[in-house]
Amino acid sequence: MSIVIAQPSEARTALLASIVDCSDDAIIAKTPEGVITSWNRGAERIYGYSAEEMIGKRVTVLIPPDTPDDMQGMLARVRNGERVEHYETVKLRKDGKLIDISLTVSPIYDPDGTLIGASSIARDITERKRADERLRAANQSIDARTALLASIVDSSDDAITGKTPEGIITSWNRGAELIYGYSSSEIIGKPMSMLIQPDRPDEMEGILARIRNGERVEHYETVRLRKDGKAIAISLTVSPIYDPEGKLVGVSSIARDITERTRADEKLRAASLYARSLIEASLDPLVTISPQGKITDVNEATIKVTGIDRERLIGTHFSDYFTEPEKAREGYQQVFSKGSVTDYPLTIRHKDGRITDVLYNASVYKDGRGEVLGVFAAARDVTEQKQASQYARSLIEASLDPLVTISPEGKITDTNAASAVVTGLSREKLIGTDFSDYFTEPQKAREGYRQVFSQGSVTDYPLTIRHNDGRVTDVLYNASVYKDARGNVLGVFAAARDVTAQKQASQYARSLVEASLDPLVTISPEGKITDVNEATIKVTGVDRGKLIGTDFSDYFTAPEKAREGYQQVFSLGFVKDYPLTIRHRDGRLTNVLYNASVYKDVRGNVLGVFAAARDVTAQKRAEDEVAEQRTKELDRLSELERFQKLTVGRELKMIELKKEIVELKARPHQPVEGVSR
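Residues numbered from 1 in each chain as written. Predicted model: local features only at pLDDT ≥ 70, side-chain atom pairs only at ≥ 80, totals over all residues. Heavy atoms only, no water.

Draft legend 1. A look at the side chain of T126. Here T126 lies in helix 5 (residues 126-137). A polar contact of 2.5 Å, which involves the side chain of T126, links it to the side chain of D124. Apart from the residues lying within four places of it in its own chain, the contact partners of T126 are I99 and D100. (Helix = DSSP H or I, 4+ residues; strand = E, 2+ residues; numbered from the N terminus. Polar contact = N/O pair within 3.5 Å; in protein donor to acceptor, adjacent residues only side chain to side chain. Contact = heavy atoms within 4.5 Å.)

Below you can see the structure in the form of structure tokens.
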């Protein structure tokens, strides 16, 4: 039954939970497969189990031994969108006592219309059954149809409502709409007193006063007014609703209409018409089968998939319309013997020769006395699913990587052709054997698939496969668990990538690194040394084990400059000819030029810096000697230039004097002024 509540979601959830919990009926929710997800106090009282004992268990716990599993049939009907109403059956209490119940089972859908579970409301009718037996013992004959109608009336939907402590209505379910005639939009926010007859003005206030005092009013019989003015008799249970701090925040009431017995026939006919509409609207072929294997009814989808009219189908053998008639017979016989079958594979043959792969879900259905009348079967078309499965298998077989599935016990359950190639064994010989038997390190292989079961997956797990001729193949396994539709882990799917060539290349690269005369080093983003080669050990005088994990900058005469260097690499991506001086632990110094760049993983994430140092000590010494020689030569040149300047100056002076003498000699002789001749 649906409940409409005009409150925020958290308050609404708390209110509905309280309403359900205070119901006298057993209100249970379960998954479409029958696993119990909620269990109210009414269920505890009726069945004797606590919620802790039952949540997570299958509802079949309540089915008596040697009794057909009618719940599977009801769940199958719910999965097909049906609603099972007022179904009378027998259940088993925790103390072993059998009880008669009247059961209503409804589908639960999420906001997108997807079926996510089923709800059931069970009412203990053991006492009523005993009363019926006493009546029969007293020779009071009662018609079977009348008994069925009485059962339907006795388990009709209740009006479940919520209100504030002051009596303002806050929630209003479908049962309340049916019983009182008001829709939720008309009534929510209005006072509950509008349902009270004028001659009982103080009745509701008296009930609410008892609730505010912490009492619970049970099975209180009174009269209420419907929207159309009609007075109806009801049986009322009223309970307080508390918030997590124990504060009274509202009141819930469950009202049962006890005037509806005369309408039972109309409800039964309406339910039958509704159920038939659902059956005809179903896209899945639906069929009912007699204990003799004859078809007793079909829907339109069955007519389409077989190409045969309803009139011609009814009365014929169910098994006649399949590619494997014997398998079809075995299927419905299993239903009669076990109570139900799930995902039973068959192939329907159309009269024109076309075939449709289907999975049948079927269960027995019974009359009001629990006698089996036949089988109800629903077929789901899985032709496309089967084709997709075959396509997926083709992809698996086409893979060059060895693929394997492993059971929780570590046994191989399936392999592809690549697995047969890498081990030298056929699929038949591999399946059923221990996965770990085909590796050079069996214990490590066992640890690997156990990690998958515990963690959900492993990535790049290294192993070495041994071929039956002794050859080995280095691989990296990527594996994860796979599950069924219910989320139960079935096993591990593992894919192996051959890295033999990659490993050989890695070893070759390592050999090149170690053979290098230049010191090579890798540095983490924190500036710690993560790996070195032999040349680095020689130039520092420190063992590899002591170098790894220490600060790169610790081995230079200018540590801060060394830090700035690798930080530049992380910021710029590289550096070229970065000058540093390495200090050997005995004090010797080595002048080097570093060339460095970042290195990354396959996703492009920077892992660290790779740096190579070129020893330029001899080069620097030669450069210093050349510089010194050049300085000396420049000094000598300066001296020569000074001498030359001095010599040239004297020569120029002599030339000038000689020139003056010549000029003087060339002049006529003149007396010197002031001297007489």
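Draft legend 2. Inspection of the sheet that holds strand 2 (residues 26-30) at higher detail. If you walk across this open sheet you meet the 5 strands as 3-2-6-5-4, and the pairing is antiparallel. Each edge of the open sheet carries a strand with a single partner, namely strand 3 (36-39) and strand 4 (84-92). Neighbouring strand axes in the sheet, compared pairwise and without regard to direction, differ in orientation by 30° on average. In the sheet, strand 4 pairs with strand 5 (residues 98-109) via 7 bridges, with the strands oriented antiparallel. Within the sheet, the bridge partner assigned to K91 lies in strand 5 and is I99. Helix 4 (residues 70-79) rests against strand 2, strand 4, strand 5 and strand 6 (115-124) of the sheet, and its axis sits at about 155° to strand 4. (Pairing = 2+ DSSP bridges. Axes fitted to C-alpha atoms, helices over the stretch in contact; angles between N-to-C directions.)

Draft legend 3. Layout of the packing of aromatic side chains. Under the criterion given, the structure shown has 14 aromatic pairs. With 6.1 Å between their ring centres and 75° between their planes, F552 and Y566 make a pair best called edge-to-face. One end of the pair, F552, is in the loop between helix 20 (544-547) and helix 21 (559-572); the other, Y566, is in helix 21, and 14 residues separate them in sequence. Taken together, a centroid distance of 5.7 Å and an interplanar angle of 75° make the contact between F552 and Y594 edge-to-face. On the criterion of sequence distance, the pair formed by F552 in the loop between helix 20 and helix 21 and Y594 in strand 25 (residues 589-600) is long-range, its members being 42 residues apart. Here F552 falls in the buried class, since its relative accessible area comes to 5%. Judged by its relative accessible area of 6%, Y594 falls in the buried class. Grouping aromatic residues by their ring pairs yields a cluster made of F318, F322, Y332 and Y360. (Phe/Tyr/Trp six-rings, centres within 6.5 Å; stacked < 30°, edge-to-face > 60°. Buried < 20%, exposed > 50% of the residue type's maximum accessible area, 1.4 Å probe, protein only.)

Draft legend 4. Layout of the sheet that holds strand 25. Read across the open sheet, the 5 strands follow the order 23-22-26-25-24; overall the sheet is antiparallel. For this open sheet the edge positions go to strand 23 (529-532) and strand 24 (574-583), each flanked by a neighbour on one side alone. Going from strand to strand, the sheet's axes swing by 30° on average, the running direction of each strand aside. Inspection of the sheet shows strand 24 paired to strand 25 by 8 bridges, in the antiparallel sense. Along strand 25, the bridge assignment pairs V575 with A596.

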